[in-house]
Amino acid sequence: MNNETYAFLSQPGVGFFSLIIIGIIAGWVAERVTASNHGLLTNLLVGVAGAFIGDKLAGVLNVPVHGFFRTLIAAIVGAILLLWIWRAIRSR
């Protein structure tokens, strides 16, 4: 194993508290992009789930996601996808 720090959700260099900040920001941005209305806790949950989805999607596309800003971008994309899929399922 190399010397990189692997933290929560296997994001290199991103610790637990950083992931909380990323989750809140990503959830808020996704809320604004999709014209939704959620609270802080829902934004956090959507953002953290979006970080997981974004990381897996980046892995499939062979795009490296390391550090705060790349994880934030992946989380925003994942959170938007999550909210879009949720709306598609709920509208049926």
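Residues numbered from 1 in each chain as written. Predicted model: local features only at pLDDT ≥ 70, side-chain atom pairs only at ≥ 80, totals over all residues. Heavy atoms only, no water.

S.K.: Help me out: how do you make sense of the overall build of the protein in this one?
M.R.: Scanning the protein for helices and strands turns up three helices and zero strands. Along the chain direction, N to C, the helices and strands of the protein fall in the order α-α-α. Classification of the 92 residues of the protein by burial places 33% in the buried group. Accessible surface computed for the protein: about 6000 Å², of which carbon and sulfur atoms make up 69%. (Helix = DSSP H or I, 4+ residues; strand = E, 2+ residues; numbered from the N terminus. Buried < 20%, exposed > 50% of the residue type's maximum accessible area, 1.4 Å probe, protein only. Areas by Shrake-Rupley, 256 points an atom, 1.4 Å probe, with all protein chains shown as cover.)

S.K.: Looking at this model, I keep getting lost on a nonpolar patch on the surface. Mind explaining?
M.R.: There is a patch of nonpolar side chains on the surface, built from Phe52, Ile53, Leu57, Val60, Leu61, Val63, Ile73, Val77, Leu81, Trp84, Ile85 and Ile89 and spanning about 1100 Å² of accessible area. For the nonpolar patch, the leading source of residues is helix 3 (residues 68–90), giving six residues. Considering the arrangement of structural elements, one finds Phe52 in helix 2 (residues 40–60). (Patch = residues over 30% accessible without salt bridge, like charges linked within 9 Å, V, L, I, M, F, W, Y side chains within 5 Å. Salt bridge = Lys/Arg side-chain N within 4 Å of Asp/Glu carboxyl O.)

S.K.: Help me understand the nonpolar core, please; the structure alone is not making it clear to me.
M.R.: Looking at soluble globular proteins, one finds that nonpolar side chains tend to be buried together. Judged by nonpolar contacts, Leu19, Ile22, Ala26, Ala51, Leu72, Ala75 and Ile76 together constitute the single largest core of seven residues. Of all the secondary-structure elements, those providing two or more residues to this core are helix 1 (16–33) and helix 3. (Core = buried A, V, L, I, M, F, W, Y, C linked by side-chain atoms within 4.5 Å.)

S.K.: Would you explain the packing of aromatic side chains in this entry?
M.R.: Here the distance between the centres and the angle between the planes together describe a pair of aromatic rings. Evaluated as defined, the whole model comprises one aromatic pair. Residues Phe68 and Phe69 carry aromatic rings whose centres are separated by 5.3 Å and whose planes lie at 90° to one another, so their mutual orientation is edge-to-face. (Phe/Tyr/Trp six-rings, centres within 6.5 Å; stacked < 30°, edge-to-face > 60°.)

S.K.: What's the story with unusual backbone geometry in this structure? I'm lost.
M.R.: Keep in mind that most residues, glycine aside, have a negative phi and that most peptide bonds are trans. Not every positive phi belongs to a glycine, and Ala35 is a case in point at roughly 55°. For Asn62, which is not a glycine, the phi torsion comes out positive at approximately 60°. Mapping Asn62 onto the fold places it in the loop between helix 2 and helix 3. Taking relative accessible area as the criterion, Asn62 reaches 68% and is therefore assigned exposed.

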